[in-house]
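Each chain is listed here by its residues.
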Amino acid sequence: MKTPTPIAEITGTGRFLPDNIVTNDDLAEKLDTSDEWIHSRTGISERRIAPDGMFTAHLGAEAAKAAMTEAGVEPGEVDILIVSTATPDRWLPSTACDIQAVLGCKNAVAFDLMAACTGHIYALSMAEGYIAAGRAEVALVVAAEKMSAIVDWSDRTTAVLFGDGGGAAVLRPCNGSGRGILSSHLQSDGNLADLLYRPGGGAIDPVSQSVLDEGRHLMRMHGREIFKNAVRSMAEACDIAMNKAGLTANDIDLLVPHQANIRIIEATAKYAGIPMDKVFVNVEKYGNMSSATVPVAFDEAREQGRVVPGSNVLTVAFGAGLTWGAMALRM
Ligand code: UT7
């Protein structure tokens, strides 16, 4: 397939991580686990945990400021602000509206998008569509997650996996530059929703004393099933996105995958035919920050010079929903 002409390009990226580092040994003091188990099964050594008083909107707004600075965009120029989050600060209004107020993006339409760990790729694709329709000149796409607020800290099977952070990107029409989003492939399967979910606290099972006592407002996951689905779905999404972009695995300069588990990353890269020296990995430092993992990794990869003008980058993610997706970009 011929490489399509891109419509929208990323002109700035940013990230924000809380300073507070929690190591595997720190967790092993409170849970029946060990650094050896966590590191060998997941590749994670430490994660950032937001302190009390630092919320999802803060993580997102700081990442957004960095992306806007690089893109040279003033708050009033933003036409659309999409925030992907599985950890909204409040059920009403959206965290996007809170971030809009913090940033002063008074001319933007602002809303949250919920696609769990795949949220940033979904949001970039939605923003691209808005730009393609001629409805926006500047799109701000933010991923912000305070996973520590929904983790069951007494459950060693999930508590050791997650961390907090935010990432962001500014998207603009590319006006013939040849850089930008080449393709995307998004998919979901609601039949597998109960593999990773929060059973209580919503409209089905509103907050009550029994929800709190039994921890039904916290995240639950069937790790092994999620693992199998993640590898299969991400490998397939990579193939479809590369094919739509007219690229083969050899053309990809860097794969920026969702950072949930090094074993999932390695298996996905293998199926996609991309060697590990062309795969960006930072799961060791941050754990799984849900939708924030891809934009944080993308921003770090750029900072480290692993993404340069002309690079072909493939991003891929998988998460609750189930949702998954991949996006090919030329930078
Ligand atoms: O962002 C997308 C969502 N999440 C993911 O992508 C995560 C996908 N799943 C995974 O990454 C892996 O399945 C896990 C890391 C969650 C688990 O690794 P695993 O190799 O699949 O382990 P397991 O669930 O099969 O558990 C093996 C053993 C069990 O003990 P028994 O039954 O063999 O005696 C667990 O109870 O490890 C035990 N275990 C632990 N031991 C020490 C589970 N968690 C821990 C722990 N420390 N933290």
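Residues numbered from 1 in each chain as written. Predicted model: local features only at pLDDT ≥ 70, side-chain atom pairs only at ≥ 80, totals over all residues. Heavy atoms only, no water.

(A) Examining the site of the ligand more closely. Taken together, the neighbourhood of the ligand is formed by 23 residues, with Thr 33, Arg 224, His 258, Asn 261 and Asn 288 sitting nearest. The side chain of Arg 41 places a nitrogen or oxygen atom 2.9 Å from an oxygen atom of the ligand. A distance of 2.7 Å is found between an oxygen atom of the ligand and a side-chain nitrogen or oxygen belonging to Asn 288. For the ligand, whose accessible area on its own is 950 Å², the fraction buried by protein is 76%. Tallying contributions element by element places helix α8 (residues 223-244) first for the shell around the ligand, with 4 residues. Class assignment of the residues belonging to the shell around the ligand gives a composition of 11 nonpolar, 7 polar and 5 charged. (Near = heavy atom within 4 Å. Polar contact = N/O pair within 3.5 Å; in protein donor to acceptor, adjacent residues only side chain to side chain. Areas by Shrake-Rupley, 256 points an atom, 1.4 Å probe, with all protein chains shown as cover. Helix = DSSP H or I, 4+ residues; strand = E, 2+ residues; numbered from the N terminus. Nonpolar A, V, L, I, M, F, W, Y, C, P; charged D, E, K, R; others polar.)

(B) Quick look at the pairing of strand β12 (residues 312-319). β12 sits mainly inside the fold: 8 of its 8 residues count as buried. Both faces of β12 are covered, namely the face carrying Asn 312, Leu 314, Val 316 and Phe 318 and the face carrying Val 313, Thr 315, Ala 317 and Gly 319. As paired strands, strand β11 (residues 254-257) and β12 are joined by 4 bridges and run parallel to one another. Its bridge partner being in β12, Pro 257 is matched across the sheet by Val 316. As defined by bridge partners, β12 adjoins strand β13 (residues 323-330) across 8 bridges and the pair is classed as antiparallel. Paired with Val 316 across the bridge in β13 is Ala 326. (Buried < 20%, exposed > 50% of the residue type's maximum accessible area, 1.4 Å probe, protein only. Pairing = 2+ DSSP bridges.)

(C) Local environment of unusual backbone geometry. In the segment running from Leu 92 into Pro 93, the intervening peptide bond is cis, with an omega of -5°. Summarising the element assignment, Pro 93 is placed in the loop between β4 (80-84) and α4 (95-103). Cis geometry is adopted by the peptide bond preceding Leu 322, which originates at Gly 321 and carries an omega value of -10°. Residue placement: Leu 322 occurs in the loop between β12 and β13. You will see that Ala 116, though not glycine, has its phi angle at about 50°, which is positive. With respect to the helices and strands, Ala 116 occurs in the loop between β5 (109-113) and α5 (119-132). Residue Ala 116 is classed as buried on the basis of its relative accessible area, which comes to 8%. Positive phi, normally seen in glycine, also occurs at Asn 175, with a value near 45°. Looking at the element boundaries, Asn 175 is found in the loop between β7 (164-173) and β8 (180-188).

(D) Fine view of the domain arrangement of the protein. Taken domain by domain, the protein comprises domain 1 (8-177) and domain 2 (181-330). Distance from the C-alpha centre of domain 1 to the C-alpha centre of domain 2: 14 Å. In this complex, domain 1 contributes 53 residues to the contact, which on the side of domain 2 involves 45 residues. Both faces considered, domain 1 and domain 2 share a buried interface measuring about 3,900 Å² in area, 60% of it formed by carbon and sulfur atoms. Three residues stand out in domain 1 for area buried against domain 2, namely Arg 15, Cys 117 and Ile 121, and they jointly supply 19% of the buried area on that side. For the interface between domain 1 and domain 2, the tally reads 4 salt bridges. Note that Arg 15 and Glu 300 form a salt bridge whose closest N and O atoms lie 3.6 Å from each other. At the junction of domain 1 and domain 2, the tally comes to 24 residue pairs in polar contact (both at pLDDT 80 or more). By residue number, the principal contributor to the side of domain 1 that touches domain 2 is α5, which donates 8 residues. (Domains from an automatic or database assignment. Contact = heavy atoms within 4.5 Å. Buried area = accessible area lost by both parts, 1.4 Å probe. Salt bridge = Lys/Arg side-chain N within 4 Å of Asp/Glu carboxyl O.)

(E) Here's a closer look at the sheet that holds strand β6 (residues 139-146). Here 5 strands make up an open sheet; going across it, the order is β1-β7-β6-β4-β5 and the pairing mixed. The open sheet has two free edges, formed respectively by β1 (8-16) and β5, since each of these has just one partner strand. Shown here is a sheet whose adjacent strand axes are inclined to one another by a mean of 20°, direction ignored. Sheet topology places β4 next to β5; 5 bridges connect them, and they run parallel. (Axes fitted to C-alpha atoms, helices over the stretch in contact; angles between N-to-C directions.)

(F) Inspection of the packing of helix α3 (residues 56-71) against α4 at higher detail. Viewed as axis vectors pointing N to C, α3 and α4 meet at an angle of 50°, and their least axial separation amounts to 9 Å. Classified by the angle their axes make, α3 and α4 are oblique. Of the two possible hands of crossing, α3 and α4 adopt the one that is right-handed. Contacts from Thr 56, Ala 57, Gly 60, Ala 61, Ala 64, Lys 65 and Met 68 in α3 reach Thr 95, Asp 98, Ile 99, Val 102 and Leu 103 in α4. (Parallel < 35°, antiparallel > 145°, perpendicular 65-115°, else oblique. Left-handed = near helix turned anticlockwise from the far one by under 90°.)

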